[in-house]
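# Architecture at a glance
Each chain is listed here by its residues.
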Amino acid sequence: MINVTSDELMDFVRSRGDLQLETLHQKHPFIARVLEDGLEFLPPTDKPRAHKRKYLDRVCEEFSRTNSFRSGDYVDFTVNASYTLALIRAYLDAQRSV
């Protein structure tokens, strides 16, 4: 199983500055940036979506348990799963290329 922590994701975004990504399934573009207590996702046609650390922790814990990239598997944790899962994928891809 692949394990990912919120610290790893936040450090990844911090090291890249405003990180431009797109959701995995619907390919909606967004920017991820680090806030003091979590992340913020900025879709171009919607208002910014703050994603507090406690929700990021929950998604990372569930991903580490299941390794699922289906956003529907995380509806009990957050409405921002599609953004977080795209970030996890980008982080894992970057780790593989190192």
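Look above for the structure.
Presented here is an overview of the structure given in this document.

Calculation criteria
- Counting of residues starts from 1 at the beginning of each chain's written sequence and follows it residue by residue.
- Local features in a predicted model are, by the rule used here, given only for residues with pLDDT of at least 70; side-chain atom pairs are given and counted only at 80 or more, and totals for whole chains, interfaces and linings are based on all residues.
- Side-chain numbers here rest on the full set of heavy atoms in the structure, without hydrogens or water.
- Here a strand is any run of E in DSSP of at least two residues, a helix any run of H or I of at least four, and the numbering for each starts at the N terminus.
- A helix is expected to span 1.5 Å multiplied by its residue count minus one.
- Relative accessible area decides the class of each residue, using a 1.4 Å probe on protein chains only: under 20% of the type maximum gives buried, over 50% gives exposed, and in between gives partly exposed.
- Residue contacts are defined here by distance: any two heavy atoms, one from each residue, within 4.5 Å place the two residues in contact.
- For our purposes a nonpolar core is just a set of buried Ala, Val, Leu, Ile, Met, Phe, Trp, Tyr and Cys residues, chained together by side-chain atoms within 4.5 Å.
- Here, strands pair whenever DSSP counts at least two bridges between them.

Another aspect to go through is helix 3 (residues 81–97). With 17 residues, helix 3 should cover 24 Å at 1.5 Å per step; its first-to-last C-alpha distance of 24 Å lies within 8% of that length. Those residues of helix 3 that fall on the buried side of the exposure criterion are Ala81, Tyr83, Thr84, Leu85, Ala86, Leu87, Ile88, Ala90, Tyr91, Leu92 and Ala94. Elements that come into contact with the buried residues of helix 3 comprise helix 1 (6–16), strand 1 (19–22), strand 2 (29–35), strand 3 (38–42), strand 4 (49–52) and helix 2 (53–66).

Attention shifts here to the nonpolar core. In this structure, Val4, Leu9, Phe63, Leu87 and Ile88 are the most contacted members of the largest nonpolar core, which totals 27 residues. Secondary-structure elements contributing two or more residues to this core are helix 1, strand 1, strand 2, strand 3, helix 2 and helix 3.

Attention now goes to the pairing of strand 2. Note that strand 1 and strand 2 share four bridges and pair antiparallel. Looking at strand 2, one finds that Leu21 is bridged to Phe30. The hairpin turn running from strand 1 into strand 2, its antiparallel successor, is six residues long, and Lys27 in that turn takes a positive phi close to 60°. Two strands pair when backbone bridges link them, and strand 2 and strand 3 are joined in this way by five bridges, in the antiparallel orientation. Considered in strand 3, the bridge of Arg33 is made with Glu40. Counting the residues between successive antiparallel strands, the hairpin from strand 2 to strand 3 contains two residues.

Just distances and angles here, no functional claims.
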